[in-house]
Amino acid sequence: MKLCIVSNYFHPSIGGIERYLKDLTNKLVEQNIETHVVTASFDGQERIEKKGSMTIYRIPFLNSFDKEKIEENSKKFLKFMDNLIKKHKINLISAQNFHRVSDTPSFALALNLVSMNLNVPLTLRVHSFSTKELDDCFLRDMMWDKIICVSNSVKEDAYSKKIKIDKLVTVYPGVDIEKFYPNRNNVLRKAIKVGNDEILILWAGRICNQEKPILDEKGLITLLKSLSILAPRYKNL
């Protein structure tokens, strides 16, 4: 099995997709599965890194923030992927959130063309809801062999965009049981001095300064509003 993972972001960048891919690729390396990760370089330098059975290609022409060179970079990306898949005889391409391409649809189109021309299966891993009309089109109308959703709610949202049900599947992200394990809750309660009789709710997500309303998108605002209603009724919350 020879796997190619394509993602705009990868460790050491910080985010949900990056954390998911770090855990996934660590396990792939442990099992000695040949893995090729294609990701963006944001410093303008092209680099190749090796870690066991995994090769990481950091390429500047996958940088979606470089708006002035989108056409040129998309052509370079298509040629790069074509050469990589042929050279290493890739069996499967896994694209991460490549439907969220409102500003750079040509990258997703290039990946679909390579997959079709070389007859290599292409899956789309959907980490978030589709919020724009163009994103919906790329989610629905591109040639993904499977659309793998991180939750049933994301799958239901995708189905509402008129995607064929036989293309959709839910595969929840894995859990690193060395970092998250039973009874860890007691350790956390002691660390933040919360008693066992108090209700403790954990919110996990990314908070950063961005143009888009990240707190709304991640559900934190909804959670805080809900807690403001529940707090007067449950004194131990």
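The structure reproduced in this document is the subject of the present report.

1. Remarks on unusual backbone geometry
The amide bond that connects H11 to the next residue, P12, takes the cis arrangement and shows omega of 20°. Assignment of secondary structure puts P12 in the loop between β1 (2-7) and α1 (16-30). A positive phi angle, near 60°, is found at N97, a position not held by glycine. Mapped onto the fold, N97 is located in the loop between β5 (92-96) and α3 (105-118). Assessed through its relative accessible area of 12%, N97 is described here as buried.

2. So, the pairing of strand β7 (residues 146-149)
Every other side chain in a regular strand lies on the same face of the sheet, so the side chains alternate between the two faces. With four bridges connecting them, strand β6 (residues 122-126) and β7 associate as parallel partners. Along β7, the bridge assignment pairs L124 with I147. Chirality of the crossover, the property in question, places the unit of β6, helix α4 (residues 133-141) and β7 among those that are right-handed. As judged from the three bridges shared by β7 and strand β8 (residues 168-170), these two strands associate in the parallel manner. Residue pairing in the sheet places C149 in a bridge with T170 of β8. In this region the chain leaves β7, passes through helix α5 (residues 152-160) and returns to the parallel neighbour β8; the handedness of that crossover is right-handed.

3. Remarks on the packing of aromatic side chains
If you walk through the whole model with that rule in mind, you get four aromatic pairs. For the ring pair Y9 and F42, a centre distance of 5.9 Å and an interplane angle of 15° mean the geometry is stacked. You can see Y9 sitting in the loop between β1 and α1 and its partner F42 sitting in the loop between β2 (34-40) and β3 (47-51), a full 33 residues away along the chain. Judged by relative accessible area, F42 falls into the partly exposed class, the value being 39%. Aromatic pair F77 and F107: ring centres 5.7 Å apart, planes at 80°, arrangement edge-to-face. Pair noted here: F77 is in helix α2 (residues 70-88) and F107 is in helix α3, with a separation of 30 residues, a long-range link. Taking the relative accessible area as the measure of exposure, F77 reaches 0% and is therefore buried. Exposure remark for F107: the relative accessible area of 2% places this residue in the buried category.

4. Looking at the side chain of T39
Within the element layout of this structure, T39 appears in strand β2. Exposure remark for T39: the relative accessible area of 0% places this residue in the buried category. A polar contact is formed between the side chain of T39 and the backbone oxygen of N8, at a distance of 3.3 Å. When sequence neighbours within four positions are dropped, the list of residues in contact with T39 reads S7, N8, Y9, F10, I56, Y57, R58, I59 and L62.

5. Thoughts on the packing of α2 against α3
Their axes nearest at 9 Å, the elements α2 and α3 cross at an angle of 30°. The angle between α2 and α3 falls in the class roughly parallel. The two elements α2 and α3 meet at a crossing, and its hand is right-handed. The segment α2 lies against α3, with I70, N73, S74, F77, L78, M81, D82, I85 and K86 engaging S106, F107, A110, L111, L113, V114 and L118. Along the lines of polarity and charge, the residues of the contact of α2 with α3 split into eleven nonpolar, three polar and two charged.

6. Thoughts on the sheet that holds β5
Read across the sheet, eight strands follow the order β3-β4-β2-β1-β5-β6-β7-β8 without closing on themselves; strand pairing throughout is mixed. Taken across any chain shown, the strands that pair with only one partner, and hence form the sheet edges, are β3 and β8. Pairwise comparison of adjacent strand axes, ignoring direction, gives a mean angle of 20° for this sheet. Those strands touched by α1 are β1, β2, β3, β4 (54-59), β5 and β6, and its axis lies near 165° from that of β1.

7. Some points on the side chain of N112
Residue position: N112 is located in helix α3. In this structure the side chain of N112 is engaged in a polar contact, spanning 2.9 Å, whose partner is the backbone oxygen of A108. Setting aside anything within four residues of it in sequence, one finds N112 in contact with L122, M142, M143 and W144.

Conventions adopted
- Per chain, the residues get numbers from 1 upward, laid out in the order the sequence is written.
- Reporting in this predicted model follows two pLDDT cut-offs: at least 70 for local features of residues, and 80 or more for side-chain atom pairs to be given and counted; totals over whole chains, interfaces and linings ignore these cut-offs and use all residues.
- Hydrogens and water molecules were not included; the side-chain quantities draw on all heavy atoms of the structure.
- Helix and strand definitions follow DSSP, with helices as H or I runs of at least four residues and strands as E runs of at least two, each counted in order from the N terminus.
- Exposed residues in this analysis have more than 50% of their type's maximum accessible area, buried residues have under 20%, and partly exposed residues fall in between, with area computed by a 1.4 Å probe over protein chains only.
- Strands pair, by our definition, only if DSSP identifies at least two bridges between them.
- Handedness of a crossover: with both strands directed away from the viewer, a clockwise path from the first strand across the helix to the second marks it as right-handed.
- For Phe, Tyr and Trp, rings pair up if their centres lie within 6.5 Å, where Trp contributes its six-membered ring, and each pair is then called stacked (planes under 30 degrees apart), edge-to-face (over 60) or tilted (otherwise).
- Contacts described as polar in this section are N or O atom pairs within 3.5 Å, which, within protein, must combine one atom able to donate a hydrogen with one able to accept it, while residues neighboring in sequence count only if both atoms come from side chains.
- Every residue pair with non-hydrogen atoms within 4.5 Å of one another is taken to be in contact.
- All axes are obtained by fitting lines to C-alpha atoms, using only the stretch in contact for helices, and the reported angles, taken between N-to-C directions, cover 0 to 180 degrees.
- Each angle receives one of four descriptions, namely roughly parallel if under 35 degrees, roughly antiparallel if over 145, roughly perpendicular if within 65 to 115, and oblique otherwise.
- Crossing handedness is read from the near helix: turned anticlockwise from the far helix by less than a right angle, it gives a left-handed crossing, and turned clockwise, a right-handed one.
- For this classification, the nonpolar set comprises Ala, Val, Leu, Ile, Met, Phe, Trp, Tyr, Cys and Pro, the charged set comprises Asp, Glu, Lys and Arg, and every other residue, Gly included, is treated as polar.

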